[in-house]
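Each chain, written out:
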Amino acid sequence: MYYRENGQFKSSYRADQQIFPIRQDRAFIIGLLLVAFLVIPFAASNYFLQAILIPFLILSLGAIGLNILVGYCGQISIGSGAFMAVGAYAAWNFGVRIPELPLLFQILLGGVFATLVGVVFGIPSLRIRGLYLAVTTLAAQFFVDWAFLRIPYFTNYSSSGNVSVPALEFFGLPVQTPAQRYVFVLCFVVVFALLAKNLVRGAIGRQWMAIRDMDVAAAVIGIRPVYAKLTAFAVSSFIIGVAGALWAYVHLGSWEPLAFDLNRSLQLLFIVIIGGLGSIVGSFFGAAFMVLLPVLLTNIPTMLGLPLAVDTASHIEHMVFGALIVFFLIVEPHGLARLWSIGKEKMRIWPFPH
């Protein structure tokens, strides 16, 4: 009874096309943001912030970038870990070689360099598609892994290949405690999620979806496939590069190239599949599922008095992930976001069946 839109009249196209046209949705999002900014930093424990919320937010940001490319434009990519690595190492190199450069600019420049690399490896998408494009992005993953392992300039000639960041400051404000790091990451996620949502709702988003549905028909009606595909690669790589810089700077602090290997690419792809292709909110659902499931699989057997070995729990985790991916592909290809949408529709018309 509380989720109705009776009496909520729209008197303009702008009001009808806003992101949250229903008043209850707007109130929910505002309340959620207030809790996220004003309550959680003070109420949550350091473990919850550092081990769950910060990885959840950064993975959500990376999934948003990948969803733009895979979900909205239909270009299969399994090289997102490479673009995260480019963003992380580019930001770190700017910080090492230009120490006076502010932290915000380091992270954004990491995203810019990830954009350049993404566009280079996106050029083959103008001629190939499907599995062949996936192989091309896989080549990007292998090439970037080799470059950061074998070219010492990228790691500032570190003998071990391991790099670390100094104490973080944002225009004079410290970003050191888990609460400060959480708020710092949350600001990035909110801004980029809003930008991505507006992009996919606009003209460029409609071009991406037209290319995804049928690129030949899109070209016939005047959409330029070259422009649409390359902009999708550019925007996706930029967001993923920023997520990579945040993952390295805020979550890890010290890392090596293996932190952004093929497993990271597959993790982001699984997040998009489970959360929902072509859905911004699905990126958050998929990231929450990916972060919380290992915690639940570790703690539930212990709570039930069934302690499991670490290797056994790891194997069970992979089995559950694989089974759920197959389940969502068969039962609900649009993922958790579609289930959320169906639930909202049911609430809007309850108690009527249709």
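Because the structure is a prediction, the values reported are computed rather than measured. (Residues numbered from 1 in each chain as written. Predicted model: local features only at pLDDT ≥ 70, side-chain atom pairs only at ≥ 80, totals over all residues. Heavy atoms only, no water.)

### Quick word on the confidence of the model for the protein chain
In low-pLDDT segments, the atomic positions of the prediction should not be examined closely. Residue-level pLDDT values for the protein chain average 87, and 98% of them are 70 or greater. Per-element averaging of pLDDT across the protein chain places helix α1 (residues 13-16) at the bottom with 75 and helix α7 (residues 178-201) at the top with 94. (pLDDT = per-residue confidence, 0-100. Helix = DSSP H or I, 4+ residues; strand = E, 2+ residues; numbered from the N terminus.)

### Quick notes on the layout of surface pockets
Taken as a whole, the second largest pocket encloses approximately 470 Å³ of empty space. Along the walls of the second largest pocket sit 18 residues, with R264, Q267, M290, E317 and F321 positioned nearest its centre. When contributions to the lining of the second largest pocket are tallied by element, the ones reaching two or more residues are α3 (46-72), α10 (225-252), α11 (262-275), α12 (280-303) and α13 (310-331). Here the lining of the second largest pocket is composed, by residue class, of 11 nonpolar, five polar and two charged. (1 Å grid on protein atoms, 1.4 Å probe; cavity = no way out; pocket = protein on both sides within 12 Å on 5 of 7 lines; lining within 4 Å. Points joined across faces, edges and corners; volume = space filled by probe spheres on them. Nonpolar A, V, L, I, M, F, W, Y, C, P; charged D, E, K, R; others polar.)

### Focus: the pattern of salt bridges
Under the defined criterion, the tally for this structure stands at two salt bridges. For the salt bridge of D25 with K344, the shortest nitrogen-to-oxygen distance reads 3.4 Å. With D25 in helix α2 (residues 23-43) and K344 in helix α14 (residues 335-349), the pair connects residues that are 319 residues apart, well separated along the chain. Judged by relative accessible area, which is 25%, K344 ranks as partly exposed. Across the pair D213 and R212 runs a salt bridge, and its minimum N-O distance is 3.1 Å. For R212, a relative accessible area of 33% translates into the label partly exposed. (Salt bridge = Lys/Arg side-chain N within 4 Å of Asp/Glu carboxyl O. Buried < 20%, exposed > 50% of the residue type's maximum accessible area, 1.4 Å probe, protein only.)

### Quick look at the environment of V175
Mapped onto the secondary structure, V175 falls in the loop between β3 (173-174) and α7. Among the residues examined, V175 registers a relative accessible area of 4% and is labelled buried. Expressed as a C-alpha distance, the spacing of V175 and V250, which sit 75 residues apart in the sequence, is 8.5 Å. Setting aside chain neighbours within four positions, we find V175 in contact with L168, E169, F170, Q180, R181 and F184. (Contact = heavy atoms within 4.5 Å.)

### Thoughts on a nonpolar patch on the surface
Residues I30, L34, V35, L38 and V39 make up a contiguous nonpolar surface patch of about 440 Å² in total accessible area. Take L38: it is sitting in helix α2. (Patch = residues over 30% accessible without salt bridge, like charges linked within 9 Å, V, L, I, M, F, W, Y side chains within 5 Å. Areas by Shrake-Rupley, 256 points an atom, 1.4 Å probe, with all protein chains shown as cover.)

### Here's the deal with the nonpolar core
Counting residues in each nonpolar core, the largest one holds 86 residues, and the members touching the most others are L246, Y249, W255 and F260. The biggest single contributor to this core is α3, with 16 residues. Setting aside residues no more than four positions away along its own chain, F260 makes contact with G81, A82, M84, A85, A88, Q141, D145, G244, W247, A248 and W255. (Core = buried A, V, L, I, M, F, W, Y, C linked by side-chain atoms within 4.5 Å.)

### Some words on helix α5 (residues 103-122)
In this model, α5 (20 residues) spans 28 Å end to end at C-alpha, consistent with the 28 Å of a helix rising 1.5 Å per residue. All of the buried residues along α5 are L103, Q106, I107, G110, G111, A114, T115, G118, F121 and G122. Lining the buried residues of α5 we find α4 (80-97), α6 (131-150), β2 (169-170), α7 and α10. (Expected span 1.5 Å × (residues − 1).)

### Focus on the packing of α11 against α12
Running from N to C, α11 and α12 cross one another at 120 degrees; their axes reach a closest spacing of 7 Å. Classified by the angle their axes make, α11 and α12 are oblique. In the packing of α11 onto α12, the handedness of the crossing is right-handed. Touching Q267, F270, I271, I274 and G275 of α11 are G282, S283, G286, A287, F289 and M290, all from α12. For the contact of α11 with α12, a count of residues per class yields six nonpolar, five polar and no charged. (Axes fitted to C-alpha atoms, helices over the stretch in contact; angles between N-to-C directions. Parallel < 35°, antiparallel > 145°, perpendicular 65-115°, else oblique. Left-handed = near helix turned anticlockwise from the far one by under 90°.)

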